[in-house]
Each structure stands twice: as C-alpha cells, then as structure tokens.
Amino acid sequence: MDVQEIAKTLENVRQANPLVHNITNVVVTNFTANGLLALGASPVMAYAKEEVADMAKIAGALVLNIGTLNETEVEAMLMAGKSANEHGVPVIFDPVGAGATRYRTETAKKIVREVNVSVIRGNAAEIANVIGENWMIKGVDAGEGNGDVVVLAKKAAQQLHTIVAITGKDDVVTDGETTYVIRNGHPLLTKVTGTGCLLTSVIGAFAAVESNLLVAAASALVSYGVAAEIAAKKAGEAGPGSFQIAFLNELARVGEEDIRQYSLIEQVK
Amino acid sequence: MDVQEIAKTLENVRQANPLVHNITNVVVTNFTANGLLALGASPVMAYAKEEVADMAKIAGALVLNIGTLNETEVEAMLMAGKSANEHGVPVIFDPVGAGATRYRTETAKKIVREVNVSVIRGNAAEIANVIGENWMIKGVDAGEGNGDVVVLAKKAAQQLHTIVAITGKDDVVTDGETTYVIRNGHPLLTKVTGTGCLLTSVIGAFAAVESNLLVAAASALVSYGVAAEIAAKKAGEAGPGSFQIAFLNELARVGEEDIRQYSLIEQVK
Amino acid sequence: MDVQEIAKTLENVRQANPLVHNITNVVVTNFTANGLLALGASPVMAYAKEEVADMAKIAGALVLNIGTLNETEVEAMLMAGKSANEHGVPVIFDPVGAGATRYRTETAKKIVREVNVSVIRGNAAEIANVIGENWMIKGVDAGEGNGDVVVLAKKAAQQLHTIVAITGKDDVVTDGETTYVIRNGHPLLTKVTGTGCLLTSVIGAFAAVESNLLVAAASALVSYGVAAEIAAKKAGEAGPGSFQIAFLNELARVGEEDIRQYSLIEQVK
C-alpha cells in the first residue's frame, strides 16, 4: 500500500459521499455525525427495529457500536447486521468496553457470531476480550496488557475471519496475513470522547468506497491520524476543546499533500 | 413582512425567553439545546410518557422530531402533541428522513393525522413524502426532485392546514396563500449535523412569542440564515468545526442591524 | 478549607484518573464525557440493567442524573445506586427538573429514599422540591424563590443525611453543620447546556479521590468556577460557542496558581 493509494481512497470517499448507517452509543452520536459530514460522507443514525433492516440495505456501510448498549438496541443491531450481510453491505464493529462487564463481553461475542463482520476496531483489551484472551480493561479505556499487539491482531483476524484494527499509541491493521503498523495520531485524541468510535465510522465510510477492506481500513487509519496530528499542531496547545474543533476542520481539509508529508505506515511480519 | 417585523420578533424571543419543549433525536439534543440557549430561549427535553403531557402544557412551544424515532418515543410524541393542542401550545414538526424508510413515512403521516401541527419544517423530499408525493431521498438528506418547491410547499400547506417551511438552497415558507422565498443561509450548514433540526426548534421559539405563525416561521428562517452567513464570514474558512462554534456565537449576537443588512426575503406568487 | 487543600484535591483527580460511572441524560452525555476527560478523570456511561451493577462497583464514583429520565433508566439507576452503596462507592445525584413535573419530583424522592446518596447537587428549586419545600421552577431552570438558600441547603442536608450543593449565582455547599459559600463561576455557564450536569459529574470525580466529601464537593465547585471565569476572560466576548470550547480547555489547564488567584470561598454560619 503506498501513499497514493491511501490518498486516492480518501478522495473517493469525498467524491462518493457514501451513506453510513450508524447504530452507535448516545455519547458520541453528534460527534460521529459531524466527523462523517466533515470527511465528506453522509451519516444516518437509525435504531428502531421497525426500520434498521431497510436503512442498512440502502447504506454503503453499517457501523455497530455497543458503547451504551441495551437489549432492544442489540436486537436492532443483529437485524441490521443480517440485512447488511444479505445485501453485501460491509459491517464495521466497535466492541466498546468488551471485558469491562460480562454483559458487554457476551454481547460482543454474540454479534461476531451472528453477523459477518467485515472490520472490527477496538483497543487491545476490547479485541482480546472478544476472542477470549486475557487483557486488563478499565471502564471503556484500554488497560495495559503484556501481550504483543501484532500477534493479538493476527490471531483475532484469523479466528474471526475479518479485518482487525487495534488502535492505541500505534495502530495495527491486519487481515491475518498482511499486517500494517501505523504510527500516526496524537495523544490529544484520548482527551476527546468518541474519537475511537468516530474512527470506526470513518472506516465504514472508506469501506463503502473500497472493496479491498484492508486497504480501506489502513487508509482510514492513516488519514485520521494525519488529520489529528495537523489539528494538534494548529490548536493542541490551547487544550482538548480547541483540538476537538480543529480536528473536525482537518477531517474536512486533509488531503494527498498532507498524507504524503505525514503518513507513517509500515508493513510488518 | 418587513425587516423591522423580523427583527422585532427576534427581539421578543430574547425578551420572553420562552420554554421550548423538544422531543427530538439523540444526534442533535446537545446542539439543539445550545442553539436555543444561545438564541435566548429556554430548552427542555422530556420524553417519558409519564411526564410529556405535563411538560408540553407549560411550554411556549412543542417541537417533535423523528430523527431517531422508536415506538415508545412516537407514543410520547402523540401524547405531548395532544396535550399541546388542548392547551393552545403551538406544535412544530420535523419529519426527519420521511421517505427513507417505510416506518418513517408512516410515522410522519400518523403524527400529522393525530396532532394539529402548527408548522412543519423539512427538506423537499421529506415534505413531499409526508403528503404522498414522489421525491427522491437519500438517507436523511434531500435528494434532487424535479418538482417546483413553491408548488410543493403550497400544496402541503393546503392539504395539512398548517404553515409549511421547506428548506434547502433557498427556503420557502407558506400558509398555502401567502408565500415567501428566503435566500439566506450558507452551504456550511449542510456540514454540521442538526442544523435543520435546530432550525425547527428555533421556529418553535419564535412561534412561542408570535401568534401569526407565518411571521414567526419566516422571521426564524431569516434570523437563522443571517446568523449562518455571518458565522461563515468569520470562521468558515477554517472548516466545519469552527463554523459550528461561530454559528452558536452568532445566534446569541445577531440583531436588527444584521437583519437589515443581510436579509433576503421576497414574497412570491 | 484553604486554597492549598482545594488545589491538592484537584491535583489528586489528575493523578488518580478515577473512573466515573454516569447514568445521565441524552442532552449532556457528550459534554459530560469531554469535561471529565479534560479534567483528567475517566468517564464511562452505562445504562443497561444487565450491567449497571457491575460497572458501578468498579467505579470511583457513580453519578445519577434524571434530566431525560424514563422508567427503564430509573430502574437501572436504583440498581446501580444499590450496587455502589454495597461496595462503598460514593453516589452523586442531580435531580434535574425536580418540581417541573410530578414524575420528576416523585422519581427524585424515590432515589433519595432507596439509595444512600453521598452528595446531591441542584439549583435551589430542585433541592427544595426534593425535600418537599415550595420553590418556583420553570422547565429545568431555577425560578426565583424567596427563601434563603443557605437555610434551604442546611435543611436539605440534615433531612437527607448527605452533602448538599446548591448552585446558582452563588453556590452553597454544606453537610448540615459546616457551610461554605462559593462566589466563583460566570453567567455564561447558563448559556451552555449541561454545565450543571457536568459539575455534578465533576463532583463525582473529586469524591472518588477525597473521602471527606464536603472537601471534595467544595473543591470541585471552586475549581469549576475558576475554570469558567478564566474561560470567560479568554473567549467570553465571542459568545457561548467559543466559551464552551474555552471552558473545556480550562478544565484541562486550571491549577493551583489560578485557584490561589481567583478562589472565593467563605465559611458561613
């Protein structure tokens, strides 16, 4: 994967303006919609069992996020996921807080069991918990594990038959065979709520326009991380409030020039 | 309607600080509340069947928005709407995404059938779908129709016995007899989620202080559009994040001077 | 309580990065999470009956907020509250809109009856309504009462056996015996939705690291008010949008130096 392919995929999102159907948590709905709009995608949030199958089938991607899950919403996620599967719409899954409570862990496992997930994105603890590995988690933030994140990502990809993106200080994305490490991003992302959730939805926007989902996911991670770095340069010193606004600005602005200058992506074994 | 009448109505909102009861979607609740507060109104969100009738009757206006509808919430909307009708509180309705799924279309029709709606605001596709006309829609964003928006607005107003506001590049507002076209606003509004939903709630704030609802709706549209233009001048180049913040600032600041300078409202046949 | 003790408690929050479990309203979830992150705490929102007891017991504090209550959520609050009580986790309660509808008043009373609340924070009207005193309320904003706020706070603290914080132009915090009046803060806080709700969650973060809950609550009120004053100085003239962002920046930055310079806390009879 080279810089040009990443920039081209980003440009395709802006041109195609894909509809991204999100069933996500109440903390991040607004930020997710604004981030997708800034990027050039077209977000829709729809949760009711009466309509999720209809909405998912006309979308370019479906994003499922269990950040503030409840029984009704989980049923809607399964219905939407199955409808997406039937209609060839890629499903991106964010297992927020898997491992923090038994309910989250069980629900995350149920979703990957009943829906064909195309890409799963989480921190190391969440991904580990989805496949039954031990990893510490504190609330919905990753704790420190002592495993190797690349090994974990490949194992999860092989076990779940999906693209796996583990994000943290460095990001790892793999289909179980080919693996990339991405060193973009900025610590201020951890001071704004929903930056992980929005990234999952951004992967959805990329997956809607690029059928090679490893390329889609890696391009999303690089574009997102580069936008964050530029935003941090422009506004990071003022604090997390200003960074959040600058980041939305950069999602709308970031392009080939920036990706050429800042991208740090490397294929690893 | 002249500039002075518009500015006076805006000033009345700031003086009266009306309570606006919103039953709205989870994407825009925060932005709606902040926009109403900036403008000088007093927002309240209340959704539970146990309290919506009580809250609606003490409000200056009730705003119903089906952006992330579900069965329980729709029941609460009907209860609140009927309570508002009984107590002479104007009801403003935003049929978000009508036409995108059968469930949204049916629910929108049910609401206008069971509640006396004072003003309905949507894009052309949404309004068309509420009255059973064909119009393309993509997710919750308006597609391109080939009809005449003024004709559509008047037809909807006559059929629904309500004020109709269709917003888009130009806005149209009509009671079915008298019709205005408003050419204020800015394209950056489409890059911030909930600007349509907030506008509906802002119409609610104006309707709470001005019993001539055509004047109320037109004044709201002009004030909102002018605020957006000034915000775009001040911060638009930085991007949609900065524009969103500047827009909240301008909702708190916009006044007679600006409306005199920027308003573009014209009565049409 | 002196300036040094307040600054030390704030610093302890940043060092300990406590997990604060919020069951709060849909209007303010995002702002609450961002405010807690900016301050240096670790927010989690979890609402489902299947997990609230598990989440509350691992948290440093539990915050209950009835801003957009419904039956299911109230049940979850009671479950979470009882779990917190069993595990020695402090419970902070925000009775948003108590007095505005019968349902809110009854629910607020039920929560203080069934859960051992450590700190309750509201405006004068809300606190009055929780203990059955008369006070005018308009929507969810405090009306004007003619009672003495210090007397009301002490009465509520004695009756509820809890720390009571009544916020408004001046803030009062008391355990029923020792009472402080705090004159920090800024009127722009009333132009941003959720600043009261976030303050309640910030008290939660302080209560998670300081077992003297009167010190915790007073330190939170001073730190929060000082951050608001500095934010208003830096960005208040631009309007409420810019103030909101500057306030998040200041929550991340405010420290001993600022508290020494700006804090206005006084013990009263």
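As the structure is a computational prediction, the values presented were derived from the model and not from experiment.

Caption draft 1: Fine view of the overall build of chain A. When its secondary structure is counted, chain A shows eleven helices and eleven strands. Its C-alpha radius of gyration of 17 Å places chain A within 12% of the 18 Å reference for a compact globule of 269 residues. Its C-alpha atoms give chain A principal-axis dimensions of roughly 45 × 40 × 35 Å. For chain A, the residues scored as buried account for 66% of the 269 residues in total. When the accessible surface of chain A is summed, it comes to about 9,400 Å², and 46% of that surface belongs to carbon and sulfur atoms. Within chain A, the 30 negative side-chain charges are centred at a point lying 3 Å from the centre of the 22 positive side-chain charges.

Caption draft 2: Broad picture of helix H9 (residues 213–235) of chain B. Residue and element names in this part refer to chain B. Counted at 1.5 Å a residue, the expected span for H9 with its 23 residues is 33 Å, and the 32 Å between its end C-alpha atoms agrees. Extensive coverage of H9 is indicated by the burial of 21 of its 23 residues. Where H9 begins, the capping side chain belongs to Asn 212, and its oxygen is found 3.2 Å from the backbone nitrogen of Leu 214.

Caption draft 3: View of the pattern of salt bridges. Counted under the stated rule, the structure contains 36 salt bridges over all chains. Between Glu 51 of chain C and Arg 104 of chain A there is a salt bridge; the shortest N-O distance is 2.7 Å. Placement of Glu 51 of chain C in the loop between strand S2 (42–45) and helix H3 (52–58) and of Arg 104 of chain A in helix H5 (residues 102–114) is noted, with the two residues assigned to different chains. Here the two residues Glu 51 of chain C and Arg 104 of chain A agree in accessibility, since each one is buried. Because the salt bridges share partners, they merge into one network encompassing Lys 234, Glu 250, Arg 253 and Asp 258 of chain A.

Caption draft 4: Representation of the interface of chain A and chain B. Across the contact, 26 residues belong to chain A and 29 residues belong to chain B. In this assembly, chain A packs against chain B so that about 2,100 Å² is buried in total across both faces, 58% of it on carbon and sulfur atoms. Area buried by chain A at its contact with chain B is led by Leu 37, Glu 51 and Asn 249 of chain A, which between them contribute 23% of it. At the boundary of chain A with chain B, the tally comes to one salt bridge. Between the two partners, chain A and chain B, sit ten residue pairs in polar contact (both at pLDDT 80 or more). Elements with a contribution of two residues or more to the side of chain A that touches chain B: helix H2 (29–39), strand S2 (42–45), helix H3 (52–58) and helix H10 (240–253) of chain A.

Caption draft 5: Up close: the relation of the copies chain C and chain A. When chain C is fitted onto chain A, the two copies agree to an RMSD of 0.0 Å after a turn of 120° and an axial shift of 0.0 Å. Such a turn and shift between the copies fits a three-fold axis. Among all residues of chain C, the one whose C-alpha sits closest to the rotation axis is Val 26 of chain C, at a distance of 3.8 Å.

Caption draft 6: How the structure looks around the interface of chain C and chain A. The interface of chain C with chain A comprises 26 residues on the first partner and 29 residues on the second. Buried surface at the junction of chain C and chain A, both sides included, amounts to about 2,100 Å², of which 57% is carbon and sulfur. Ranking the residues of chain C by area buried against chain A places Leu 37, Glu 51 and Asn 249 of chain C at the top, with a combined share of 23%. Counting every contact that joins chain C to chain A gives one salt bridge. Counting every contact that joins chain C to chain A gives ten residue pairs in polar contact (both at pLDDT 80 or more).

Caption draft 7: Local environment of the relation of the copies chain A and chain B. Take chain A, turn it by 120°, move it 0.0 Å along the axis, and it overlays chain B with an RMSD of 0.0 Å. Looking at chain A, a mere 4% of its interface residues are interface residues in chain B too, so the copies touch through different faces.

Caption draft 8: How the structure looks around the sheet that holds strand S5 (residues 119–122) of chain B. Residues and elements named next belong to chain B. Taken in spatial order, the nine strands make up an open sheet running S2-S1-S3-S4-S5-S8-S9-S10-S11, and their pairing is mixed. Lying at the two open borders of the sheet, with one neighbouring strand each, are strand S2 (42–45) and strand S11 (265–268). Sheet twist, expressed as the average angle between the axes of neighbouring strands with direction ignored, equals 20°.

Caption draft 9: Layout of the packing of helix H8 (residues 195–207) of chain B against H9 of chain B. Residue and element names in this part refer to chain B. Running from N to C, H8 and H9 cross one another at 135°; their axes reach a closest spacing of 8 Å. Judged by the inter-axis angle, H8 sits oblique to H9. When you trace H8 past H9, the crossing you get is right-handed. In this structure, H8 uses Thr 195, Leu 198, Leu 199, Val 202, Ile 203, Phe 206 and Ala 207 to contact H9, whose residues at the interface are Leu 213, Ala 216, Ala 217, Ser 219, Ala 220, Leu 221, Ser 223 and Tyr 224. Split by residue class, the contact of H8 with H9 holds twelve nonpolar, three polar and no charged.

Caption draft 10: Representation of unusual backbone geometry. In this model, His 161 of chain A sits at a positive phi of 55°, which is unusual for a non-glycine residue. With respect to the helices and strands, the residue His 161 of chain A is situated in the loop between helix H7 (149–160) and strand S8 (163–166). The residue Asn 17 of chain C is not glycine, and still its phi comes out positive at about 50°. With respect to the helices and strands, Asn 17 of chain C occurs in the loop between helix H1 (3–16) and strand S1 (19–23).

Caption draft 11: Quick peek at the side chain of Thr 68 of chain C. On the secondary structure map, Thr 68 of chain C appears in the loop between strand S3 (61–65) and helix H4 (71–86). Within the structure, the side chain of Thr 68 of chain C is placed 3.0 Å from the backbone nitrogen of Val 26 of chain C, a separation counted as a polar contact. Residues within four places of Thr 68 of chain C in sequence aside, it is in contact with Met 45 and Tyr 47 of chain B together with Asn 25, Val 26, Val 27 and Glu 73 of chain C.

Caption draft 12: Expanded view of helix H1 (residues 3–16) of chain B. Residue and element names in this part refer to chain B. Taking 1.5 Å per residue as the helical rise, H1 with its 14 residues ought to reach 20 Å, and the 20 Å between its terminal C-alpha atoms agrees with that figure. Three or more residues of H1 are buried, namely Ile 6, Ala 7, Thr 9, Leu 10 and Val 13. In an axial view of H1, the angular spread of the buried residues amounts to 160°, which keeps them on one side of the axis. Turned more than 90 degrees from where H1 packs its buried face, Gln 4, Lys 8 and Gln 15 sit exposed. Taken together, the buried residues of H1 touch helix H2 (29–39), H8, H9, helix H11 (256–262) and S11. Asn 17 sits one or two residues past H1 and shows a positive phi near 50°.

Caption draft 13: Looking closely at the environment of Asn 30 of chain A. Tracing the backbone through its elements, the reader meets Asn 30 of chain A in helix H2. The sequence separation of Asn 30 of chain A and Leu 198 of chain A amounts to 168 residues, and the corresponding C-alpha distance is 10.0 Å. Those residues in contact with Asn 30 of chain A that sit more than four places away from it in its chain are Val 27, Val 28, Phe 31 and Thr 193 of chain B.

Caption draft 14: Broad picture of the UniProt feature "binding site: substrate" (unreviewed entry) in chain A. The sites that carry the UniProt feature "binding site: substrate" (unreviewed entry) are, in the present numbering, Met 45 and Gly 194 of chain A. Within the element layout of this structure, Met 45 of chain A appears in strand S2. Sequence-distant contacts of Met 45 of chain A, defined by excluding residues within four places in its chain, comprise Asn 22, Thr 24, Thr 29, Thr 32 and Ala 33 of chain A together with Val 27, Gly 67, Thr 68 and Arg 104 of chain B. Assignment of secondary structure puts Gly 194 of chain A in the loop between strand S10 (179–182) and helix H8 (195–207). Given a relative accessible area of 9%, Gly 194 of chain A falls into the buried group. Filtering out sequence-adjacent residues up to four positions away, Gly 194 of chain A remains in contact with Val 28 and Phe 31 of chain A.

Caption draft 15: A look at the packing of helix H2 (residues 29–39) of chain C against helix H10 (residues 240–253) of chain C. Residue and element names in this part refer to chain C. Where H2 contacts H10, the two axes come as close as 6 Å, and the packing angle between them is 35°. Between H2 and H10 the crossing geometry is right-handed. Contacts between H2 and H10 involve Phe 31, Asn 34, Gly 35, Ala 38 and Leu 39 on the former and, on the latter, Gln 244, Phe 247, Leu 248, Leu 251 and Ala 252.

Caption draft 16: Focus on the sheet that holds S3 of chain C. Residues and elements named next belong to chain C. Taken together, nine strands build an open sheet; the order of strands is S2-S1-S3-S4-S5-S8-S9-S10-S11 and the sheet is mixed. Each end of this open sheet is capped by a strand with a single partner; those strands are S2 and strand S11 (265–268). Averaged over neighbouring strand pairs, the angle between their axes works out to 20° when direction is ignored. When strand S9 (residues 171–174) meets strand S10 (residues 179–182), the two strands line up antiparallel, connected through four bridges.

What counts and what doesn't
Residues numbered from 1 in each chain as written. Chains lettered and ligands numbered in written order. Predicted model: local features only at pLDDT ≥ 70, side-chain atom pairs only at ≥ 80, totals over all residues. Heavy atoms only, no water. Helix = DSSP H or I, 4+ residues; strand = E, 2+ residues; numbered from the N terminus. Rg over C-alpha atoms; globule rule 2.2 N^0.38 Å. Buried < 20%, exposed > 50% of the residue type's maximum accessible area, 1.4 Å probe, protein only. Areas by Shrake-Rupley, 256 points an atom, 1.4 Å probe, with all protein chains shown as cover. Lys, Arg positive; Asp, Glu negative; His and termini not counted. Charge placed at Lys NZ, Arg CZ, Asp CG, Glu CD. Expected span 1.5 Å × (residues − 1). Polar contact = N/O pair within 3.5 Å; in protein donor to acceptor, adjacent residues only side chain to side chain. Salt bridge = Lys/Arg side-chain N within 4 Å of Asp/Glu carboxyl O. Contact = heavy atoms within 4.5 Å. Buried area = accessible area lost by both parts, 1.4 Å probe. Least-squares fit on C-alpha atoms with pLDDT ≥ 70 in both. Pairing = 2+ DSSP bridges. Axes fitted to C-alpha atoms, helices over the stretch in contact; angles between N-to-C directions. Parallel < 35°, antiparallel > 145°, perpendicular 65-115°, else oblique. Left-handed = near helix turned anticlockwise from the far one by under 90°. Nonpolar A, V, L, I, M, F, W, Y, C, P; charged D, E, K, R; others polar. Arc of directions from axis to C-beta. UniProt positions renumbered as here; feature names shortened; annotations may be inferred.

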